[in-house]
Every structure is written in C-alpha cells, then in structure tokens.
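Examination of the molecular architecture
Spelled out from the first residue to the last, the chains are:
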There are 2 protein chains.
Amino acid sequence: MSADRFTPETTRLDDAARAGWLYYVAGNTQDQIARKLGVSRQSAQRLVAMALSERLVKVRLDHPIGRCMDLAAALTDRYGLTLAEVAPSDPEAPDLLAGIAIAAAALLERVLKSPERRIVSLGTGRNLRAMVEQLPRMTCPQHVVVSRLGNMMQDGSATPYNATIRLAERIGAPHFPYPLPVLARDPAELAAMQAQQAARNTIDLCARADLSLVGIGQMDMTAPLHVDGFLSEAEMAELARAGAVGEITSWVYDAQGRILDCAFNRRVASAPLPCRPARDVIALASGQSKLPAIRAALAGRLITGLVTSEATAERLLD
Amino acid sequence: MSADRFTPETTRLDDAARAGWLYYVAGNTQDQIARKLGVSRQSAQRLVAMALSERLVKVRLDHPIGRCMDLAAALTDRYGLTLAEVAPSDPEAPDLLAGIAIAAAALLERVLKSPERRIVSLGTGRNLRAMVEQLPRMTCPQHVVVSRLGNMMQDGSATPYNATIRLAERIGAPHFPYPLPVLARDPAELAAMQAQQAARNTIDLCARADLSLVGIGQMDMTAPLHVDGFLSEAEMAELARAGAVGEITSWVYDAQGRILDCAFNRRVASAPLPCRPARDVIALASGQSKLPAIRAALAGRLITGLVTSEATAERLLD
DNA sequence: CCATCGGAAGGGCAAATGCTCAACCGCCAA
DNA sequence: TTGGCGGTTGAGCATTTGCCCTTCCGATGG
C-alpha cells in the first residue's frame, strides 16, 4: 500500500483535501486556490467538490438548534414525512408545551402568509390551543378555518381547548365550527347527523383542507377521551383488547396505525381521517406517554408531518 | 437567562443556526432557505453569514494531508516527541490561527471523550483561546480543568484570552483558576503566596495534569510578556543578555531550553514547568518570530508535543 | 407631538460558483 | 498504425452568492 502514496488517486485526494482546507477553513475563493495549487479554476472547483463528496470536510453546527434539525431530518427520512419540526427540550421539563407550540405557530404562520386562499382544518387539544396563542395577530380574510371535530361533550357542554374559534378570531378569517358532537349514540343516529347539509359542507371542507393540524391521544388511563368522559374505563379496556394504542380527532387506531373497525369508531362523528393523506396532515405531539400512539400514527402514515420535542424525537428514532 | 429565551437576540441566533444548518448540512440554496423560513433571500443570506460569523458552524478536515503527515512524522522523530500535529498553511497567510486551533481542538476532544477522569491544565494565549472556540460543546463533568498561571496583570486587571474558564464552561467541567498573579514582587512575596492552601492545591493539580496545553512566547520586541506589560524594555534586554529566547507560562528559557536561573524567573508565580515531563505537555505555536523559542523548547525537552503550521514545521526541520 | 437615529429589509449588480458540453489525452486492442 | 473509449480539461453560461445602497420601521428624545 505504501507504493500507493504517489499514485494519482492519492495525490488527487490530497489535493482535494488541501483545496477543501483552503476553501472552507482559510476562506479562499476557488480562483485563489487555483492559482496557489497551479491548476485551472475549474479543476479547483472540482477538487473542492470532491473534498465535499468524499466527505473530507465535516461541518458541524454548534447550537442546540443543530441537534434538533438533525433529529428532524432523521424523522422525515425514516418515516417518509414531508415535514418534521423538533423543538429543543429543556432538560428540566423535557416536554414543555411551549417549544412545540412555537414551532407549530411558525409553521402555520408561513402558510397563512400566502395570498392564496388556504383551508386550514384543526383538531383539538392543549398543543393546538397553545399554538394558536403563540401566533401573532394577522389579517387573513382570504383563508378559511374549519374544525375537524365537535366541541360538544355528550351532555351538550363545550370542550375546553377549542382552537378553531381562537385561530379564526386571531387572523380575522371566516371559520366553520364542527356542527356535530364528538360521538353519536349509535350508527343510525350518526348517519342521520351526517345527512344534514351543514355537516356535509363542513366535512367536505375538511377533506379539501390544504393543511390539517391535529393532536395525538394516547390510550392509557390518562387518555384524553377517557379524561373528557367519552370513554368509560370498561370501554377503554375493550378498545385496548382490540389493539387500540392511540387516537387522532377521536378516530382510534392500532399499533400499525390502522383505524380500528370497532363499535366506538362506528359512532365517531369527526371528519374522516384519511390514511396516507394527499394533503398535509401535521400532528403536534410529545411526551413519553404518547410514544406508542405517535409511533403507530407514523407507521400507518396517518400523518404527513410531525411537530415534537427533542426528547420525544430521540425516542422515536431509537 | 431562561427569560431570554424569547428575546429577539435569541430568536435571531436560532434562525441563524437554522439557516446555517439548512445551508451547510442540508445543502439548500439560500433561496430555498428563504422560502422555508419565510423571509427574503437577502435575509436568508444574512442569517447564513451570521451563522458563520458567530462561529456556529465548525468545519473540520478529515484527511491526513500527505505533506503534513510527513512533516509531523519528521518532527516526532527528530525531537523525540510523543505527538506532533501539522496544520496546512495557506501560502499567503502562512500562520493562520484557525488551522492550529482546529487541530488542537480535535486533539483535546479525543482526550475529553474519555470516560475516565482527566486533569487538563492550560496556559494562556491566542492559540489556546482559539482552540477552545473550535471545541464542540460537550458534557464532561468527570474531568477537571486547571490553569497553569494567573490571569491577573500586575495592576489587578484580567488578561484577555482566558482559555480555562471558557473551556470549563463549554464542557461543563469543574475548573480551578490560578489563585496567584503572574508575577510576585520579589521571592519573599512569592514564597508567602505559594504557602497558601489554595495555591498549593492548584499547583499540585497542575503537576498531576494528564494533559497540559501551553503557548510559547518569543523574546523579541513583540514578546507577549513585554506587550502585556510584565517586562520592561530594560528587563527584556537584560534577559536577552542572559540568553533568553522564549518562555512558556512565563518561565523564561535559553536556546538549549534550560529554564534560566535569573531574577525574573525567581518572581514567576506560575505552576512549575517540568523539564522532560512525564505527562503530556503540548505546545501550540507557529510563526517565524517564534521559531527560536520553539526550537529551544524542543531541544530542552520542555514539551512532549507540538501543534504547529506547515510553514513552521518546515523551518523547524531545516 | 415631531425630529432624529439605528438597525433591518429589499433592489440591484458584480463576483463567485456549479454545471454542461465539446475537445483532448492516453491507453488498449484490432 | 489506427480507431474506440474512459476519463480529464477548459470554455461558456446559468445560477447562486455577497455586498452596496436606498428605503422603511420602530425606538428614543426633545
């Protein structure tokens, strides 16, 4: 091998390294490098490009954001997402809402800046509500905000964390609350509800939404559906036996991310949740307890994007 | 500081980091970055430039350039060193700080990766400071950083380029500043100072340091000791007559690398500099003006390793 | 309240860069 | 010798980038 020291290959790589050093570390232009190494400008360019393609130069970003962006790139890559945002975790409060809310707000703001009409559909949840609070006031009468699910509990009272109304107020856009409750009593009642013109119109809007932002619910004893009284402990247990690990806008799915064909889902009145959606469906979710639910949603391609925390992203990539 | 999380300053740096990542790691063009971050092309350019100027992006060249390797091998061979690193020189700026700093940072990083406790002692100087800036953030509470000399001028003000504190901050390790000034007024004062418990403890740590990184000072009119006001011109001349050619952590030595037995050295309060040290003492130094000082340090085996520039290495081997 | 000022944003342009393509060189085999 | 072929080179051109200069915005102080 020592004979290789002077083969063209080695010298070329050496020159590439030298060119890369002069370019990236010493800050020369390719013209200067060409003169210093005694080659043409084009050759210098090729050497610099080679230093890059042969991975001789290693670039590292020394900022907390750098790590997050590495994680986000790994997430999009591994799960075939169109978008991933990872908010830095505070080591002392690893799944603080604020980071995710800010990241998601920035994302939403970019969409809302469009002069074209955009239909934005929203689920429910603390994350979405916090996101809206982080959004600056804007004037966007050209857009439309629509809710993907009802905000009425079974007793007729409103659920907390209604993000749709707040968002519409904040950006001055027309909005469509979801005209049905979360759950129908039975499939027959559901069919009757969905036949109403207002319902059909809203569901249609949801299907055509350019951007949908949703939360992800876990299915343990802290499940939002349980805490909010939509599911009794017995029902929870039954769903668990059927393989339920998570829910998005009340649609319950299993570990492969398949919407379960079960009695509960047959009563869900929320807008249908497309599998492998054609338009952006972005979930906001983080936390140890939601991990299985997030994993399943990613596996089943129920979402095209994810906004999460650094800590959660790391665990998703384990 | 946590309240600062949302100040414009922080957000701006974050954005700069994002832009830098997208540009240098993900290979986006500035146009794409502008679209993704929702800003104008010019702003994206400014963010990328900021990522560079704020030293958020670190570039490292991962290739042993043949010529530098040869020089390094020749240096270890000729001077009996345990380690030599030679950074490529830009012919027009032969002794750029950056190359040496990066090489030394890589070296230090390898040591810091050890899970075992390591004691690292540092001298002062631009090179050391630049090295610390090149080091990535790490978490190494197992190590200890200790300064080999004071950072107080005679008037009590702090010298610039304090590397110890920066290093300790950056790697999250406990650190020991040097509790004495650079010079005592006279030998009697020195003895009194060195009797203090804190001083004895720190000096002992320096003696046990697994790795010591130091600069080398020349003894001409640009001498650090003179520029920083520790040596008057008259004193400089006297030391020159006594044969002084260089200094390490303020200990002045002659052309054979022998620590001079002179009035000045009897006032130096820095940690003692062992001749033919048993543990690694590595100097960072380059430049025409430092050549005699480097040669002498090598001849007298005051150091076990050297990180220098290509141009300086060549001259040392002449 | 208005005038002033500093910093950030955007337009425009010149320099730097990346890429394609045709020409060329050396090598091998017919 | 000659033709073909892989690979390298340099010219030309489109894109990208860096920078200057003007404009705009918000803060500050009279």
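As the structure is a computational prediction, the values presented were derived from the model and not from experiment.

How each quantity is defined
Along each chain, residue indices are assigned from 1 in the same order as the chain's sequence is written. In the order they appear in the text, chains get letters beginning with A and ligands get numbers beginning with 1. Since the coordinates come from a predicted model, pLDDT governs what is reported: local features require at least 70, and pairs of side-chain atoms require 80 or more to be given and counted, while whole-chain, interface and lining totals use all residues. Water and hydrogen atoms play no part in the side-chain values, which are based on all heavy atoms of the structure. Working convention: axes come from line fits to C-alpha atoms, limited for helices to the stretch in contact. Angles between N-to-C directions cover 0 to 180 degrees. The numbering of helices and of strands both runs from the N terminus, where a helix is a DSSP run of H or I of at least 4 residues and a strand a run of E of at least 2. Geometric relationships in this document are graded by angle, where less than 35 degrees denotes roughly parallel, more than 145 denotes roughly antiparallel, 65 to 115 denotes roughly perpendicular, and other angles denote oblique. Helix crossings get a hand from a simple test, with the near helix turned counterclockwise from the far one by less than a right angle marking a left-handed crossing and a clockwise turn marking a right-handed one. Should any heavy atoms of two residues lie within 4.5 Å, those residues are considered in contact. Under the scheme applied here, ten amino acids are nonpolar (Ala, Val, Leu, Ile, Met, Phe, Trp, Tyr, Cys and Pro), four are charged (Asp, Glu, Lys and Arg), and all others, including Gly, are polar. Any residue with a non-hydrogen atom lying within 4 Å of a molecule or strand is treated as near it. Identification of polar contacts relies on pairs of N or O atoms within 3.5 Å, with a donor-acceptor requirement for protein atoms, meaning one able to donate a hydrogen and the other able to accept it, and with residues adjacent in sequence counted only if both atoms are side-chain atoms. Accessible area that two parts lose when put together, evaluated with a 1.4 Å probe and summed over both, is termed the buried area. By definition here, a salt bridge exists when the distance from a side-chain nitrogen of Lys or Arg to a carboxyl oxygen of Asp or Glu is within 4 Å. What makes two strands pair is DSSP finding at least two bridges between them. Each residue's exposure class comes from its accessible area (1.4 Å probe, protein chains only) as a fraction of the maximum for that residue type: buried when under 20%, exposed when over 50%, partly exposed otherwise. Domain start and stop positions are those given by an automatic or database domain assignment.

Here we come to the packing of helix H12 (residues 291–299) of chain A against helix H13 (residues 310–317) of chain A. All names here are of chain A. It is at 11 Å that the axes of H12 and H13 come closest, and there the two elements cross at 60°. When the axes of H12 and H13 are compared, the pair comes out oblique. Relative to H13, H12 is oriented so that their crossing is right-handed. Only Thr312, Arg315 and Leu316 of H13 make contact with H12, whose side of the interface consists of Leu291, Ile294, Arg295 and Leu298. Across the contact of H12 with H13, the residue classes break down as four nonpolar, one polar and two charged.

On to the protein's contact with DNA strand C, then. Tyr23, Thr29, Gln30, Arg41, Gln45 and Arg46 of chain A together with Ser40, Arg41, Gln42, Ser43 and Arg46 of chain B make up every residue found near DNA strand C. Of what DNA strand C places within 4 Å of the protein, 42% of the atoms are sugar or phosphate. Take Arg41 of chain A: an N or O atom from its side chain is 2.9 Å from a base oxygen of DNA strand C. Within the side chain of Arg46 of chain B, an N or O atom sits 2.6 Å from a base oxygen of DNA strand C. Those elements that provide at least two residues to the surface near DNA strand C are helix H3 (41–53) of chain A together with helix H3 (41–53) of chain B. Among the elements that line the surface near DNA strand C, the one with the most residues is H3 of chain B, at four residues. A breakdown of the residues in the surface near DNA strand C according to their chemical character gives one nonpolar, six polar and four charged.

As a further point, take the interface of chain B and chain A. The partner chain A presents 31 residues to the 44 residues of chain B that form the contact. Summed over both partners, the interface of chain B with chain A comes to about 3,400 Å²; 59% of that surface belongs to carbon and sulfur atoms. Linking chain B with chain A are four salt bridges, by the criterion used here. One salt bridge in this structure joins Lys58 of chain B and Asp62 of chain A, with 3.0 Å as the shortest N-O distance. At the boundary of chain B with chain A, the tally comes to nine residue pairs in polar contact (both at pLDDT 80 or more). Here the element with the most residues in the side of chain B that touches chain A is helix H1 (residues 8–25) of chain B; it accounts for nine residues. Of the residues belonging to the side of chain B that touches chain A, the class tally is 21 nonpolar, seven polar and 16 charged. In this sheet, strand S1 (residues 57–61) of chain B lies alongside strand S1 (residues 57–61) of chain A in antiparallel orientation, the contact comprising five bridges. Within S1 of chain B, the position partnered with Arg60 of chain A by the bridge is Lys58 of chain B.

What surrounds DNA strand D is the set Ser40, Gln42, Ser43 and Arg46 of chain A together with Tyr23, Thr29, Gln30, Arg41, Gln45 and Arg46 of chain B. Protein-proximal atoms of DNA strand D, defined as those within 4 Å of the protein, fall in sugar or phosphate at a share of 41%. Here a phosphate oxygen of DNA strand D sits 3.2 Å away from a polar atom, N or O, in the side chain of Tyr23 of chain B. Measuring from a phosphate oxygen of DNA strand D, one finds a side-chain N or O atom of Gln30 of chain B at 2.7 Å. Class assignment of the residues belonging to the surface near DNA strand D gives a composition of one nonpolar, six polar and three charged.

A few words now on the pairing of strand S8 (residues 244–248) of chain B. For a regular strand, the rule is simple: side chains alternate between the two faces of the sheet. Residues and elements named next belong to chain B. Across the five residues that make up S8, a large majority, four, are buried. The sheet contact formed by strand S7 (residues 217–218) and S8 spans two bridges and is antiparallel. Note that in S8 the partner of Gln218 across the bridge is Gly246. Pairing of S8 with strand S9 (residues 251–254) involves four bridges; the strand directions are antiparallel. For Ala244, the partnering residue across the bridge sits in S9 and is Asp254.

Assigned domains within chain A: domain 1 (2–53) and domain 2 (64–317). Taken over C-alpha atoms, the centre of domain 1 of chain A sits 51 Å from the centre of domain 2 of chain A.

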